[in-house]
Every structure is written in C-alpha cells, then in structure tokens.
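Listed below, chain by chain, are the residues.
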Amino acid sequence: MKPYRYERSEDVSGTISTIAEEPEGAFLAGGTNIVDLMKLGVMSPDMLVDVRRLTPDDVEETEDGGVRIGAAVTNSDLAAERTIRSRYPAISEALLSGASAQLRNMATTGGNLLQRTRCVYFQDTTTPCNKREPGSGCSAIEGHNKNHAILGASEHCVATHPSDMAVAMTALDAFVVTHGPDGERRIPIEELHRLPGSEPERDTILEHGELITAVELPPTAFFSNSKYRKVRERASYAFALVSVAAAMDVEDGVIRDVRIALGGVAHKPWRATKAEEALRGEPVSEANFRAAAEIELEDAEPLSGNAYKIPLARNVIVRTLSDLSEEGR
Amino acid sequence: MTATQAPGKAVGAPISRVEGGLKVRGAATYAYEHRLHEPVYLYPLQSTIANGRVTKIDASRAEAEPGVVVVLTHENAPKLASTDDKELAILQSGDIGFRGQFIGAVIADTFETARYAASLVEIEYDENEPDADFRADRDDLYTPEQLNAGFETDTSVGDADGAFDSAAHKLAATYTTPREHNNPMEPHATIAVWDEDELTLYESTQGVFWTQKTLAPLFGLDAGKVHVISPHVGGGFGSKGLPHANVVLAAMGAMLVPERPVKFALTRHMMFTVAGYRTPTIQRVRLAADENGKLSAVSNDVVEQTSKIKEFAEQTATSARMMYDSPNIKTTHRLAALDVSVPSWLRAPGEAPGIFALECAMDELAIECGLDPVEFRIMNEPENDPESGLPFSSRGLVECLREGAERFGWNGRHPTPRSERDGRWLVGSGVASSVYPVYSMGGNAATVRANSDGKYEVEIGAADIGTGTWTVLGQIAADELGVPFEDVEMKIGDTTLPNASGAGGSSGITSWGSTVVEAVRSLREKIEADHGGNIPEEGVEATAKMPKNPHSGDFAMYAFGAHFVEARVDEDTGEVRVPRMTSVFAAGNIMNAKTARSQFMGGMVMGLSAALHEESVLDTRFGHVVNHDLAEYHIPTNADVGEMDVSWIEEDDPYVNPMGSKGIGEIGIVGSAAAVANAVYHATGVRVRELPITPDKLIS
C-alpha cells in the first residue's frame, strides 16, 4: 500500500475545501471498500479525509413525511431502524442480505452508495482494465464474466455495481443529498450512478470533493409493500447474481403503481422503467409479470458466461411481484 | 476441562483437545507468531507472465525506500545445491514456468514497508504465449509413468470394452471436477533464521521431517542442520505436506541477513499461486450391468493437468478399481502439461474427484436399471478386493448404507425425480458411497520416558494440523501404559524429537500410534528386565521404531462410508440448499469420539463445498486464477451447512494396526459431493455432471 496522509476536519465545508486541493485525495467513511482496494494497489490516494463523524448518523422524518438518512448511519443501524423496516422494508431486507455482520457494522449509507463496481480484473493490477487504467482494455469481455452486466454495458466495461442497498433505494425513488465545492445538490438516486460508456473509470456523476451527506426517501405509502430478493450462490456473504427490489400498490386486483429495480445486471442499480410502465393499470397476473419482465430484458446482451442472468432476472421479477401482489392484497 | 479417564479407558472417549484452551486464548503459538529478536519481513515478487523469462529487474527505487534491508532476485540469490525440483529451485535463473512464480523478494523492517517497496520494483520480461488451456481433446496428452502415491497409471482386468458393448444396461457419461485450491485458515507461514551453517525454520507444516528432508539437500546441508519447529498448524488439507517454494524463498532471504529472523506469510491471494491445488479432472466413465443389475463393466478414463515444470499425477481412478464387483474393470490416466503452477495434494487426492464421478454414474445406472440406488450398490458388493484379489481386512460399506438409510429415512423414498416440493423448493434426496485406503508411512520412531513420580513423556516428531494428534497420541499411550490420560505428556512438532512421517494420506495415527504403542511395549520390557518392574528414581526411557505390520500384503485395507443428502432447489432461481446430511462411516476403532466427529464433519462440509461452491477459474490468456480470494472463490458459510448427522459403526479390525484404527482425515470428503449431486438430480430431474452445481447450471 502506498503511504498516505490521514486527515480529519471538523466541518463539512472545511473538509470539502481540504480535498478540493488534493486531486488524489479521497473520503474515508467505513473503509470497507476503499481500504481493500488500497491494499490491492487498485486505488492509491495520497490523502484520506475521514468523514465518518462529519455527517449525521441518525434517521429523521422530513417535512413532507418522508425520511432523511444521515450518510454516516451504518448499514446495520439502518437495517434495524423501525421506520425503515415498516415503511421501506425492501431497504432493510437489502441491507441485511449484504456482506457480513462485521462489514455492516462498519459500512455507512454514503459509503455503500460509493462502492466501486466489482470485477475480478479491476481488482487485479496485473491485468488490463479500462476502469483502473483507462485505455488498457477490458479483460472481462473475453474472460471470466459470469458475474458481469447484461444491461447497459459498453465495449469498455461490463462490470456490475455490487450494492444491495442502492438497488432498493433506486426502486423507492430515493434522493441523494450532496455538498460539494459548488454547494448543495439533491440528486435522484437513479442519476447518481453512471453507465460505463467510454468513461468506465467514473462510477458516479459526483465531482471530486463532493460529499454525500444524506439520503432522502419520499413518503409514498405503498412502499410499505416492498421487498428485496437476492439470488446468490451461497446462503450468505456473497454478491448478488441477480437481485430485485420492488414495491407494488394493488387495488381490486389491478396494479395502481409499481416500482422495480434490478441489481447484479448493470454498472448501476437498474431501474426497470419499461416493466413498470407495462404493468401500471394492468391486472395482477403471473402472465403480466412475465410479459413485463421480458419487455425490460429485451435489450439484454449477454456475454459468454452470463446468459443465465436473463431467465434468472425474469424469474425473480415474476416471483417478487407475485409475492408482493399476494402480500399487499 | 478434560474429564479424568480411568486408566486404560482413554481411547475412544470424547476427550477435548488438550491444546484447545491455548487456541481459544490465542496462546497456541502458530508459525508466524514465535517471538524472536529483531525480525525482518519478506514480501515476494511474483511473475506477472506465465511463460518466458525475466530480462531486467530494477530494484533501485525499492532499495532507496527507508526500512528496506535487501532486495532478493535471481541475480543475487544463493545458488542451490540441488535444482532437480523445478518448483523449489527458485531464483536460479530468470526463467518463468507459471504466472505467480517467485522471482524475488523485498526484505524490510516492517511488513508494510516490504509490501510497498515490492510494488516499486520494476521488472521486464521476455514473454511467450502461455499454454494453459485444459481440454480432453488436446493432441499432446501423455501417459505418466506412475501416479501419486505410486499407483499404476493404467489397469485392465477382463475386457471392459467388450462387456460394455454387449450389456443390457449401460451408462457412459463425462464428469468434470474443477481446479480447487487448498485454503486453510492459517496460510503458509515461515520464520527462517540462519546461524552459521544451521537453518532454523518455524514453519506451518504437515510434517517437520518432510520439510527438513526437502530443504536440507537444496541448501547442501546435512538433515541435522535444518531444525524445523511446528507445534500448531491452522490446517493444511495437503497443501502443507510437500513443501512449496515459499519455504525456500524465506530460507534464501534469511541467508542474506544472517542471524536475523525472516518472517514470511502467504497472503490469501498467494494461496492461489504457489501452494498447490487440486487438478481439474475430465472423467469418461462407463458402467454396464446385466438385466438384473449386476455390474459387468466399470471403466474410468481420466484426463487431468500438471505443470510443465514438475509432474503431479493425481490417482483419480484408483477407487474405480476396487469399489464394486465387476469382472471387467479398466482405468486410464492422461495428463496435459501446461504453463501453470504445480498441482499437489488436496484432501483425498484421487478419491475425492474419482468417487464423485463413479458414484454419480452408479446413481445414473441404478435409475437405468430401475433399482434403488442403495440396493444397487449392495448387490454389487465384492467378496474380495476386485483389484488385488485379497480379502478385505474389514469392509463395512453395506452396514454403512443400511444404517445410513435407516437414520436418514431413505426407505419409502419416491424414486421419481421432481416428485416432492415445498412451496417453490423442489426437494430430493441422494446417496453415495465413500472409501479411503488405510495407509501407513515408514520411518517413524518414538521415545517414551517414565518418571518416578508416575508421569510419562512421549516424544515423536508428529504433526497436529488441527486434527487432534496432541490428544489422540496421548490417549493411545495412556491406554498402552495403563495409566490415566492426564499422566501422559506429549511432545510433537519438532525435528529434535524422534523421526516421524507427516500428516498425509490419513496415515498419521496408524503410523505414529503404532510406533508409540511399540515404544511403550519396549519401555515396559526395559522396566521389567533392567529395573525389576519399578521405575528408578532417575526415570527410564525407551525408543522404538514403527513395527512392520505382519498382516500387510495379506489383506486389502480400506475405510468405507455412506452419505445421504437432502437437497432443495429453488425452481425459479436454481439456488441449491442442503438442509441435512447423514453420513455413516466404517473406519475401524475410533480413537476419540469428539475429534473424530469433527474430522468426519469437516470432510462432509468440504464435500458439500466441492458440490456447490468451489471452483478456481483460470484465465487461459494470462494463465492465472482470477477469482483468487474468498469473496470470489466460495466455500460454504455457516448458513449453508444444515443438520449434520455423523456416526460410525462398530468395526473390529485386528489387521490394520495395533489400535485397530483407520485414518479418518479424508474419508468425509469422499463421496459427499456425489450424494449432493444425486440429490439435486432427484429434486429437479436435471443431471449436472460438471462441478460445482451453481444456479446458472439449473436455471431455465
């Protein structure tokens, strides 16, 4: 690991100006991702600014009846939060399906969103990777790509975003609040993460020195009828092959409204807007769920090793929506 | 605390491991933890190409880093006295045989400095295209002279091909098992110290004398000049049996900094490069039976992998030679020599992949014959060993199958696949047999000392790799001495003790235990003859070598077992869960009911792991394993392991050794993967012949 400086300042604006002057500096929150990547030599910031005590570590109600989650709230605390469990169960379920208890105790809400995408070649400095070393080539496209993207990938990168929490928050219309050199902004979570395009080195739209301070959830009532289903190769402590977060509002057997997001399929949490559109106003039925899933997955482009994700994603969408339609009745 | 055992009753009792308290308190000293004066830390340089040679190493930036003591490369490395073993003869030239091979090291005051400085060393290569593509249709497969443990490469009894062609029922299928890497909790670790012409190694090893005898000739030393110390080992699973190049690198490094201890532990990543692994196998199995289900032909043609720099030929098909009664049995082994690291032992080399294929094929043929898989196995039970013609010293397979069926609730099972479900879960059950040879290894000696206070000391350079050796050898000695277990103190894990074989091939207790028994008998004779039956004031000791087993050559000696597994498969996702396993073993006299249960269960879990999780993915373009950490290379979590019902039958075998025991370290892993695969088939109707059985292979 390259030697680096460690800083901790007292306020948000001081921190932002500190890091603005350090082009190779990075924020440190729980450290569960960046410290690993530093040990591997994948990231080598020359300065870490500890922001863990800088942003709120509590969950509070907002004026419009939604909730605001401080960026420093740990994954384990957030999963256990009563409001989240009752009003946004998909988020609690997603958090509890992620990583291990030890990691969830360290990882924060802001840090979880900013995990780097996951790929064995990105993590191995001895192989080409456009994300790590722009222009060096993508090793995964013709290599080991069983865990890689089927949607929204590019010829430069086929990595997937690893977060479970972010998938649930994407389904539930979250906003990400940031402070940066240019002040505060409120970003729909769907816009936070990027598709790789020709700049796979950029995982998000955040500018250097822009700090996530909170995540806000809207007061949408039917989000209490939401769930997260994660498919993985073992019962715990594994990244999703495919995951689905969904919420559904059903009345008299008709879908009034629905939210669907997919994990493990793209460079970002994938909001399944086409499937949502196809379902609004339609009767609840397995056939309709299946048809909607197939519409969403029409654009899927499998690689040599991940074609299984298409039927898997379809099946999990159908199953999750079927479960929600039964439970939400 | 250990309960006091009445004299003569220690063997078999569920005595807790004597070093358990030390381990729980963190006070058991593992290799890396020995406190020595002013240690330095070694971090290796590893090749990033798979084939070629180093043309230039520029270490100037590393050497300039404060805290760096020395950079070791092939340009300044000590010349080894023997370079026959190309895996171990590192840094003797710039040649590279596989990706990840050691090409140097940085030694520094701290681990962090050594690791960082290693990243500053600039290396240039002359690179050749690597050949790492393991396939059965390569035209350069070759026939090794012999297999691991000295087995014959090819065998043929009768006419398996002819019998297959004319059979009423037959099954021909290809099964594959992947490359798997040993990952004990404690990675390989060494502290090496040179003092004049003596080398001391604090080492995590399955055999201190194996390490001594391998290292001494490399450095041109008499064996007595290499002192190996290894009291506690955090698992090995074969990878700490044959010494690997990490020990040589540590010793070379230490040579450059005389008298200073050099510490070197492999990282988890490095465990996937230099510490051995199980070869992938491609097994073409053919079974044939007559109209009643009596086997008429058994054959297994195996293709597996070795390294171009050193041959390792896994004995994958040997169990097909002796498992079931058939007049026609044929086995072959062919190797692909590739630009890859050297395969080696991984728990039950040979039996684990071989029995997976054979026992899946037996399941398939039972179904083809319309027979219950348990009954099909029982009706093909041989009278004598089909390979040697010798009688078995004991063979408890049928009893294990019957007992296991009873415990598991097999009887009444609906034979049709996909006939049971629980919500979205498809539920099935599967069975498979297990076998492991009774090995003993030569060269053992033990010393037993009687003190006048009635306490005894037993010395033998044996190894405890988490298996219970500290405890079990004490139990054996205590009973043979006729004294309470607490009155015996063991000393193991050091080359200053009497010579011992290593922990491998499940041979430890047979080899060391027989020797301890012999030493106790010698001591008793000595006390009787020289001291009138009384222990003198100054104490008395006797040393004995391992006696030859008078029955070897008269019997075929094996342990057996049967596994029963319930598997559940989510029909939407292909996720497989195994809520329960029942395994019954016939492994002679069980020395310690508690440590034995742990070993059996550990093997069963490892078989479950092989069935559902483990696979080292090699990228042929680069020649290395790309999923080289435990986030990507999966093993079961606690949540993946359900109810484990472990038991054994009473088996009295007077021929195997004086204790009547059979090795139990490996048999648990043998067959358990097949039982899982057979249960997945029964649940889903989908036959997966390529391990591991991951959701992508079941989803539709």
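Conventions we followed
Residues numbered from 1 in each chain as written. Chains lettered and ligands numbered in written order. Predicted model: local features only at pLDDT ≥ 70, side-chain atom pairs only at ≥ 80, totals over all residues. Heavy atoms only, no water. Helix = DSSP H or I, 4+ residues; strand = E, 2+ residues; numbered from the N terminus. Rg over C-alpha atoms; globule rule 2.2 N^0.38 Å. Contact = heavy atoms within 4.5 Å. Areas by Shrake-Rupley, 256 points an atom, 1.4 Å probe, with all protein chains shown as cover. Lys, Arg positive; Asp, Glu negative; His and termini not counted. Charge placed at Lys NZ, Arg CZ, Asp CG, Glu CD. Salt bridge = Lys/Arg side-chain N within 4 Å of Asp/Glu carboxyl O. Buried < 20%, exposed > 50% of the residue type's maximum accessible area, 1.4 Å probe, protein only. Pairing = 2+ DSSP bridges. Axes fitted to C-alpha atoms, helices over the stretch in contact; angles between N-to-C directions. Polar contact = N/O pair within 3.5 Å; in protein donor to acceptor, adjacent residues only side chain to side chain. Nonpolar A, V, L, I, M, F, W, Y, C, P; charged D, E, K, R; others polar. Domains from an automatic or database assignment. Buried area = accessible area lost by both parts, 1.4 Å probe. Phe/Tyr/Trp six-rings, centres within 6.5 Å; stacked < 30°, edge-to-face > 60°. Core = buried A, V, L, I, M, F, W, Y, C linked by side-chain atoms within 4.5 Å. Disulfide = S-S within 2.5 Å. Expected span 1.5 Å × (residues − 1). Parallel < 35°, antiparallel > 145°, perpendicular 65-115°, else oblique. Left-handed = near helix turned anticlockwise from the far one by under 90°.

Side note on the overall build of chain B
Each helix and strand counted, chain B has 14 helices and 26 strands in total. Relative to a compact globule of 700 residues, whose C-alpha radius of gyration would be 27 Å, chain B shows 26 Å and is just as compact. Along the longest, intermediate and shortest principal axes, the C-alpha atoms of chain B span 75 × 75 × 50 Å. Within chain B, counting contacts between residues at least 6 apart in sequence, those at least 24 apart form 81% of the total. With an accessible surface of roughly 24700 Å², chain B has 47% of that area assigned to carbon and sulfur atoms. Both charge centroids of chain B, one from 58 positive and one from 100 negative side chains, sit 3 Å from each other.

Points about the pattern of salt bridges
Considering all chains together, one arrives at 71 salt bridges over all chains under this definition. The shortest N-O distance in the salt bridge between E359(B) and R377(B) comes to 2.6 Å. Here R377(B) lies in helix α9 (residues 373-379) and E359(B) lies in helix α8 (residues 351-369), a separation of 18 residues in the sequence. Among the ionic pairs, R621(B) bridges to D619(B), the shortest N-O distance being 2.7 Å. On the accessibility criterion, R621(B) (32% relative accessible area) is partly exposed. Members of the salt-bridge network, linked through shared partners, are K227(A), E286(A), R319(A), D323(A), R418(B), R421(B), R424(B), E571(B) and D572(B).

Regarding the environment of A214(A)
All names here are of chain A. One can find A214 in strand β8 (residues 211-217). Classification of A214 as buried rests on a relative accessible area of 5%. When residues no more than four places from it in sequence are discounted, the contact partners of A214 are R68, I69, G70, A71, F175, V176 and V177.

Quick word on the sheet that holds strand β7 (residues 155-157) of chain B
All names here are of chain B. Reading across the sheet, the 5 strands line up as β7-β15-β14-β13-β8 and stay open at both edges, with mixed pairing between neighbours. Of all strands in the sheet, those bounded by a partner on one side alone are β7 and β8 (169-177). Taken pair by pair, the neighbouring strands of this sheet meet at an average axis angle of 10 degrees, ignoring direction. Of the pairings in the sheet, the one linking strand β13 (residues 281-289) to strand β14 (residues 295-307) comprises 9 bridges and is antiparallel in character. Bridging from a neighbouring strand, R286 pairs with S299 of β14.

Thoughts on unusual backbone geometry
Peptide bonds are mostly trans, and most non-glycine residues show a negative phi. Residues and elements named next belong to chain B. L691 connects to P692 through a cis peptide bond whose omega is -5 degrees. Tracing the chain through its elements places P692 in the segment after α14 (672-684). Positive phi is not limited to glycine here, since E259 has a value of about 75 degrees. E259 sits in the exposed class, given a relative accessible area of 57%. Backbone geometry at A348 places phi at a positive 60 degrees, although glycine is not the residue there.

Brief notes about the interface of chain B and chain A
Contacts between chain B and chain A engage 34 residues on the former and 37 residues on the latter. One can count 5 salt bridges joining chain B with chain A. Between D570(B) and R229(A) there is a salt bridge whose closest N-O contact spans 3.1 Å. Counting across the interface, chain B meets chain A through 15 residue pairs in polar contact (both at pLDDT 80 or more). Partitioning the side of chain B that touches chain A into residue classes produces 10 nonpolar, 11 polar and 13 charged.

Here's the deal with the domain arrangement of chain B
Residues and elements named next belong to chain B. If you check the domain split of chain B, you get domain 1 (37-129 + 183-271), domain 2 (148-179 + 278-438 + 554-697) and domain 3 (445-545). For domain 2 versus domain 3, the separation of C-alpha centres amounts to 36 Å. Taken together, the two surfaces of domain 2 and domain 3 that pack against each other cover about 1000 Å², and 57% of this comes from carbon and sulfur. If you sort the residues of domain 2 by the area they bury against domain 3, M591, P658 and M659 come out on top, with a joint share of 38%. Inspection of the domain 2/domain 3 interface yields 0 salt bridges. At the boundary of domain 2 with domain 3, the tally comes to 6 residue pairs in polar contact (both at pLDDT 80 or more). Here the side of domain 2 that touches domain 3 is composed, by residue class, of 6 nonpolar, 7 polar and 1 charged.

Here we look at the packing of aromatic side chains
Residues and elements named next belong to chain B. Evaluation of the coordinates by the stated rule reveals 18 aromatic pairs over all chains. Ring geometry for W194 against F219: centres 5.6 Å apart, planes inclined by 65 degrees, an arrangement best described as edge-to-face. With W194 in strand β9 (residues 189-195) and F219 in the loop between α5 (208-218) and β11 (226-229), this residue pair connects regions lying 25 residues apart in the sequence. On the basis of an interplanar angle of 70 degrees and a centroid distance of 5.5 Å, the ring pair of W410 and F564 is categorised as edge-to-face. Here F564 lies in strand β22 (residues 558-570) and W410 lies in the loop between α10 (397-408) and β16 (421-422), a separation of 154 residues in the sequence. An aromatic cluster of at least three residues, connected via ring pairs, comprises F392, Y558 and F560.

Notes on the pairing of β14(B)
Where burial is concerned, most of β14(B) is hidden: 13 out of the 13 residues are buried. Between β13(B) and β14(B), which pair antiparallel and follow one another directly, the connecting turn spans 5 residues, one of which, G293(B), has a positive phi of 95 degrees.

Digging into the nonpolar core
One finds F219(B), V248(B), L249(B), M252(B), I460(B), L473(B) and L523(B) to be the most contacted residues of the largest nonpolar core, which totals 113 residues. It is helix α6 (residues 245-256) of chain B that provides the largest number of residues to this core, a total of 8 residues.

As for the state of the cysteines
Across all of its chains, the model carries 0 disulfides over all chains by this definition. Its sulfur unpaired, C400(B) is 19 Å from the next cysteine sulfur, which belongs to C360(B).

Section: the side chain of H613(B)
When you line up the elements, H613(B) lands in the loop between α13 (593-612) and β24 (618-619). A relative accessible area of 6% means that H613(B) is categorised as buried. At 3.4 Å, the side chain of H613(B) and the backbone oxygen of E233(A) are in polar contact. In contact with H613(B), other than residues within four places in its own chain, are E233(A), R234(A), L608(B), H634(B), I635(B), P636(B), D640(B) and P692(B).

A short note on α14(B)
Since there are 3.6 residues in each turn of an α-helix, residues three or four apart along the chain are aligned in direction. Look at α14(B): 19 Å from first C-alpha to last across 13 residues, which is about the 18 Å you get at 1.5 Å a residue. Extensive coverage of α14(B) is indicated by the burial of 13 of its 13 residues.

Quick word on the packing of α5(B) against α6(B)
Residues and elements named next belong to chain B. The contact between α5 and α6 brings their axes to 11 Å, and the two run at 50 degrees. Our classification of the angle between α5 and α6 gives oblique. At the point where α5 passes α6, the crossing takes the right-handed sense. Each of T211, L215 and L218 in α5 lies in contact with α6, whose residues at this interface are V247, V248 and A251.

A look at the side chain of N112(A)
Counting through the fold element by element, N112(A) comes out in helix α7 (residues 109-113). Those residues within four positions of N112(A) in sequence are excluded, and the remaining contacts are N75(A), L95(A), H161(A), S163(A), M165(A) and A166(A).

Section: the packing of α8(B) against α14(B)
Residue and element names in this part refer to chain B. The geometry of α8 relative to α14 is characterised by a closest axis approach of 8 Å and an angle of 35 degrees between their N-to-C directions. Crossing angle aside, the handedness with which α8 passes α14 is right-handed. Within the contact between the two elements, α8 uses I355, F356, E359, C360, D363 and I367 and α14 uses A673, A674, A677, N678 and Y681. Split by residue class, the contact of α8 with α14 holds 8 nonpolar, 1 polar and 2 charged.

Here we look at the sheet that holds β11(B)
All names here are of chain B. Across the sheet, 7 strands lie side by side as β3-β5-β1-β12-β9-β10-β11; this open sheet has mixed pairing. In this open sheet, the two edge strands, each paired with only one partner strand, are β3 (68-73) and β11. Ignoring which end each strand starts from, the neighbouring axes of this sheet average 25 degrees apart. Where β9 lies against strand β12 (residues 262-265), 4 bridges are found, and the strand directions are antiparallel. Bridge pairing in β12 links T190 to F264. Relative to strand β1 (residues 40-46), helix α3 (residues 111-120) is tilted by about 25 degrees, and along the sheet it contacts β1, β3 and β5 (102-108). Its contacts with the sheet place α5 against β10 (198-203) and β11, and it is angled at close to 150 degrees to β11.

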